[in-house]
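Secondary and tertiary structure notes
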Amino acid sequence: MLGGGFSTEDDGLLDGWVLGHARGDRPKVCFVPTASGDAPAYVEKFFDAFRARDCEPSVLSLFRRELDDAALRAYLLAQDVVYVGGGNTANLLAVWRVHGVDRPMREAYEGGTLLCGISAGANCWAEGSHTDSFGPLTYLRDGLGLLPGSVCPHYDSEPGRRDSYRAAVAGGRLPAGWAVDDGVGALFTDGRLVEVVTRAPEARLYRVRAGAGGGVEERAVGGRVLRA
């Protein structure tokens, strides 16, 4: 779960951290820009950032799809990292399901592929998420469910995010979950948090859950500060 990366930062710290957790000496890294409609500039930015790294970058396009179902499944299962870009979470999930991408994504995860992403690319893995997919900030209870609970990105940087997410959790519209400040990376294994890092000392990951009397409990989780 990323609160940054090549799409928003130039230092490459979070992307380097991701690759450090990938299997193999030269991991295969697949960028999936579905949430942005496969925006060409986003794809080029990915290649600019990862071609210089010790990995094998590639892109899965679904708006100009070239692979049949068997080839698509084989391609995803061969990846060491699946890196999902930001954009519209609801559209991403709908397109993935139409093309049957959700099933091999789950297979890849169960086979040891590292799944990650920023914004919509973090939201999609959870049971539910906080999103602006429909315009105003709201909740979406329709994720892939590989990560138990819910996710809220941009917790510290977008007006209204914190209050809206807290209200959704307090009211039971979203299950308890994780709110991510920009600049934070969080690693989960089998649904459990195992590591938190940050490129900004003040940035945090937060555990947010419903509290007594219709309130909400929020616990900050600090992390190791990444250095260039």
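Everything below is about the structure printed above this text.
1. So, the pattern of salt bridges
Scanning the model with the defined rule gives eleven salt bridges in all. For D142, the salt bridge identified is with R97, shortest N-O distance 2.8 Å. Of this pair, D142 sits in the loop between β6 (138-140) and β7 (147-152) while R97 is found in helix α4 (residues 89-99), placing the two residues 45 residues apart along the sequence. Accessibility expressed as a relative area gives 39% for D142, which makes it partly exposed. Note on R97: relative accessible area 30%, which makes it partly exposed. Overlapping salt bridges, with partners in common, bring together E9, D11 and R199 in one network.

2. Quick notes on the packing of aromatic side chains
Overall, the coordinates contain 15 aromatic pairs when judged by the stated rule. Aromatic pair F31 and Y83: ring centres 6.3 Å apart, planes at 75 degrees, arrangement edge-to-face. Taken as a pair, F31 in strand β1 (residues 28-32) and Y83 in strand β3 (residues 81-84) lie far apart in primary sequence, 52 residues in all. Judged on exposure class, the residue F31 and its partner Y83 are both buried. One aromatic cluster is present, formed by F6, F31, Y42, F46, F47, F50 and Y83 through successive ring pairs. A cation over a ring is seen here: R162 above Y206, with NZ or CZ 4.8 Å from the ring centre.

3. Overview of the sheet that holds β6
If you walk across this open sheet you meet the six strands as β6-β5-β7-β8-β11-β12, and the pairing is mixed. Each edge of the open sheet carries a strand with a single partner, namely β6 and β12 (216-221). The mean inter-strand angle of the sheet, taken between neighbouring strand axes irrespective of direction, is 25 degrees. By the bridge criterion, six bridges tie strand β11 (residues 205-210) to β12 in an arrangement that is antiparallel.

4. Side note on the side chain of Q79
Mapped onto the fold, Q79 is located in the loop between α3 (69-77) and β3. If we ignore the near neighbours within four places in the chain, the residues touching Q79 are R23, K28, V29, C30, S58 and T113.

5. Some remarks on the sheet that holds strand β10 (residues 192-198)
In sheet architecture, strand pairing relies on hydrogen bonds along the backbone and comes in two forms, parallel and antiparallel. Spatially, three strands are ordered β9-β10-β13 in an open sheet, and the strand pairing comes out mixed. The outermost strands of the open sheet, each flanked by one partner alone, are β9 (184-189) and β13 (224-225). Pairing of β10 with β13, which is carried by two bridges, proceeds in the parallel orientation. In the sheet register, T198 faces β13, and the bridge partner there is V225. Against the sheet, helix α1 (residues 13-20) contacts β9, β10 and β13, and its axis sits at roughly 15 degrees relative to β9.

6. Looking at the pairing of β1
With four of five residues buried, β1 lies mostly within the body of the structure. Of the pairings in the sheet, the one linking β1 to strand β2 (residues 56-59) comprises four bridges and is parallel in character. Counterpart to K28 in the pairing with β2 is E56. The parallel pair β1 and β2, bridged by helix α2 (residues 40-50), forms a crossover whose chirality is right-handed. Sheet analysis places β1 next to β3, joined by four bridges and oriented parallel. Residue pairing for β3: C30 is matched across the bridge by V82.

Calculation rules
- Residues numbered from 1 in each chain as written.
- Predicted model: local features only at pLDDT ≥ 70, side-chain atom pairs only at ≥ 80, totals over all residues.
- Heavy atoms only, no water.
- Salt bridge = Lys/Arg side-chain N within 4 Å of Asp/Glu carboxyl O.
- Helix = DSSP H or I, 4+ residues; strand = E, 2+ residues; numbered from the N terminus.
- Buried < 20%, exposed > 50% of the residue type's maximum accessible area, 1.4 Å probe, protein only.
- Phe/Tyr/Trp six-rings, centres within 6.5 Å; stacked < 30°, edge-to-face > 60°.
- Lys NZ or Arg CZ within 6 Å of the ring centre and 35° of its normal.
- Pairing = 2+ DSSP bridges.
- Axes fitted to C-alpha atoms, helices over the stretch in contact; angles between N-to-C directions.
- Contact = heavy atoms within 4.5 Å.
- Right-handed = clockwise from strand over helix to strand, strands pointing away.

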